[in-house]
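In case you want the letters, here they are:
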Amino acid sequence: MTTEVRFALGAKQDRRPGFSRENPDESRPPARFVPSTRLDPLALRADFPILAREVHGKPLAYLDNAASTQKPQAVIETLSEFYRTHYANIHRGVHTLSEEATLAYEEARDKVAAFINAPDRSGVIFVRNATEAINLVAYTWGRASVGPGDRVVVTEMEHHSNLVPWQLLTQEVGAELTHVRVTDEGRLDLESLDHLLQGPVKLVAFTHVSNVLGTVNPAREIVARAHAAGARVLVDAAQSVPHLPMDVEALDCDFLAFSGHKMCGPTGVGVLYGRPELLEEMPPFLTGGGMIRRVTRTEATWNDLPWKFEAGTSAIAEAVGLGVAVDYLSAVGMEAVWAHERELTAYALECLAEMPEVRVIGPPAGERSGVVAFTVEGIHPHDLAQVLDGEGVAIRAGHHCAQPLHARFGLEATARASFYLYNAREEVDRLVEGIKKAQDLFIRRPGG
Ligand code: 7TS
């Protein structure tokens with residue numbers, strides 16, 4: 001049975017991405033596939049059915065990957081195949097389907113653990129998304145460990161999901177919430193971190209990569225400084241795990257949160273990685289079925305990790321789909337994904353720098369991920385996004401769930417293009433052309 005499930009769910013994922021459909025002999029990659037650190041986005045696009053569609057009669061240029069990414073055929077097929085042939089509830093039945101589903105779900109956990117180099121699979125907890133992972137820590141570890149007069153340190157560049165849970169916690173227990181400053185260039189001011197660490201700091205919670213500025217924060221350095229000050233560290237990796245090689249052991253953080261849907265996986269499944277010894281000590285988050293060991297009329301004891309934190313029926317098929325997404329990204333190679341995004345971002349920044357009305361926020365290329373947020377003088381970001389949509393170019397406009405960060409830069413909203421492995425330079429050109437079109441529409445140019 002085991003072999004059968006592995007075969008069925010592994011059939012698609014074992015294909016090397018980027019060339020599978022054009023290559024009848026799957027044992028030999030075609031010439032255009034370039035392994036190692038380079039990838040061919042045009043070849044990879046063939047794996048993502050949605051990228052073949054048109055929007056308003058134009059080919060889709062999907063540049064909203066920081067919000068969510070598209071799904072490769074292997075993930076889509078896995079969901080369908082799992083429901084068609086292996087689906088049942090997990091961890092409870094002795095019947096064949098339940099055993100198959102349990103095996104597939106737990107294999108997905110192993111894949112995720114390997115992907116982030118987690119030293120122990122028991123620290124990999126499936127949750128709904130990064131937001132839930134952070135709330136889990138705030139409600140369990142936070143309520144048990146942070147008290148009156150203690151300090152929680154976040155940064156000015158947090159997504160609301162890594163800010164509001166800490167606002168509620170500190171308000172509730174009478175602790176202090178402080179923010180590491182962001183410089184005009186969009187970097188964290190590490191001097192202000194050191195200053196904030198000189199106090200009763202219980203936790204430093206920060207984003208590895210900003211979803212607005214694209215800044216890649218020096219995470220190892222921050223973790224080391226926070227630990228030296230006696231604090232625990234939570235890394236919001238929603239914008240890093242999908243884009244760069246992650247080694248949670250080397251990073252040495254206490255908690256790490258990310259979402260499956262931002263890394264080619266399905267919605268409804270995300271991950272909290274935690275140090276098992278901390279997770280052991282923490283009270284449970286949600287309670288009920290699956291997370292207990294023994295229940296009497298009045299009391300209960302908890303299941304082993306990681307199931308202690310997986311109450312109720314999990315997003316089973318989605319977790320299996322996330323495992324396949326991880327296989328897909330691993331086959332492409334995270335070094336290659338990262339290098340490609342940085343190259344594309346450098347090109348986008350170069351093009352936008354030639355447009356005097358465009359103001360990009362965030363650090364220079366080389367210090368950032370594939371996220372580019374900007375304003376265009378005289379055009380509201382929503383108007384710009386609408387014109388671009390008419391051209392088939394999908395970007396996001398607004399505050400991107402980072403209002404304090406926008407306020408820091410004196411802005412209400414920005415337009416944001418964000419890239420992934422399947423984006424190509426031509427799509428950056430179409431973004432630039434779309435901005436010019438919006439300028440022609442909204443700004444009467446001399447002689448225009
Ligand atoms: N943390 C960061 C840094 C994020 O960018 C996001 C989502 C989250 C947490 C929350 O992720 P979720 O899956 O739980 O919703 N960021 C965005 C964005 O930039 N646009 O839409 C969602």
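As the structure is a computational prediction, the values presented were derived from the model and not from experiment.

Scoring rules and cut-offs
Residues numbered from 1 in each chain as written. Predicted model: local features only at pLDDT ≥ 70, side-chain atom pairs only at ≥ 80, totals over all residues. Heavy atoms only, no water. Pairing = 2+ DSSP bridges. Helix = DSSP H or I, 4+ residues; strand = E, 2+ residues; numbered from the N terminus. Axes fitted to C-alpha atoms, helices over the stretch in contact; angles between N-to-C directions. Contact = heavy atoms within 4.5 Å. Core = buried A, V, L, I, M, F, W, Y, C linked by side-chain atoms within 4.5 Å. Buried < 20%, exposed > 50% of the residue type's maximum accessible area, 1.4 Å probe, protein only. Domains from an automatic or database assignment. Near = heavy atom within 4 Å. Polar contact = N/O pair within 3.5 Å; in protein donor to acceptor, adjacent residues only side chain to side chain. Areas by Shrake-Rupley, 256 points an atom, 1.4 Å probe, with all protein chains shown as cover. Nonpolar A, V, L, I, M, F, W, Y, C, P; charged D, E, K, R; others polar. Buried area = accessible area lost by both parts, 1.4 Å probe. Salt bridge = Lys/Arg side-chain N within 4 Å of Asp/Glu carboxyl O.

(A) Seen up close, the sheet that holds strand β7 (residues 201-207). In space, the seven strands of this open sheet follow the order β4-β10-β9-β8-β7-β5-β6, with mixed pairing throughout. The sheet terminates laterally at β4 (124-127) and β6 (176-180), the two strands that pair on one side only. Between one strand and the next, the sheet's axes are offset by a mean angle of 20°, whatever the strand orientation. As paired strands, β4 and strand β10 (residues 270-274) are joined by four bridges and run antiparallel to one another. Bridged to F126 within β10 is V271. Across the sheet, helix α4 (residues 96-115) is in contact with β4, β9 (255-259) and β10; its angle to β4 comes to roughly 120°.

(B) Representation of the sheet that holds strand β17 (residues 414-418). Strand order in the open sheet made by the four strands is β13-β14-β17-β16, with antiparallel pairing throughout. Because the sheet does not close on itself, it has two edges, and the strands there are β13 (358-361) and β16 (396-398). Pairwise comparison of adjacent strand axes, ignoring direction, gives a mean angle of 30° for this sheet. Sheet topology places β13 next to strand β14 (residues 371-376); four bridges connect them, and they run antiparallel. Within β14, the position partnered with R359 by the bridge is T375. The sheet strands contacting helix α12 (residues 334-353) are β13 and β14, and the helix crosses β14 at an angle near 15°. Lying over the sheet, helix α13 (residues 381-390) contacts β14, β16 and β17, oriented at roughly 165° with respect to β16.

(C) Region of the structure containing the nonpolar core. With 80 residues, the main nonpolar core has L256 and L421 as its most contacted residues. Take this core: its biggest share by element is eleven residues, from helix α11 (residues 316-332). Residue contributions to this core reach at least three from each of two domains, namely domain 1 (103-330) and domain 2 (334-442). Once you skip the residues sitting within four places of it in the chain, L256 turns out to touch I116, V235, A237, V241, M246, V248, L251, V271, L272 and Y273. The next biggest cluster of nonpolar side chains, apart from the first, holds 29 residues, and it includes L63, L349, A415 and A417.

(D) How the structure looks around the site of the ligand. As a matter of local geometry, the ligand sits amid 17 residues, with T131, D236, S259, R396 and R416 nearest to it. N211 places a side-chain nitrogen or oxygen 2.8 Å from an oxygen atom of the ligand. In the environment of the ligand, an oxygen atom lies 2.6 Å from a nitrogen or oxygen atom belonging to the side chain of R416. Look at the ligand: alone it shows 490 Å² of surface, and the protein chains cover 90% of it. For the shell around the ligand, the class distribution of residues is four nonpolar, nine polar and four charged.

(E) The arrangement of the domain arrangement of the chain in detail. Domain boundaries in the chain define domain 1 (103-330) and domain 2 (334-442). On a C-alpha basis, the centres of domain 1 and domain 2 stand 28 Å from each other. Between domain 1 and domain 2, the contact holds 31 residues from the first and 28 residues from the second. A buried area of about 2,400 Å², summed over both sides, lies between domain 1 and domain 2, and 61% of it is on carbon and sulfur atoms. Counting the contacts that link domain 1 with domain 2 gives three salt bridges. We note a salt bridge from R408 to D184, for which the minimum N-O separation is 2.7 Å. Where domain 1 packs against domain 2, one counts 14 residue pairs in polar contact (both at pLDDT 80 or more). Of the residues belonging to the side of domain 1 that touches domain 2, the class tally is 16 nonpolar, nine polar and six charged.

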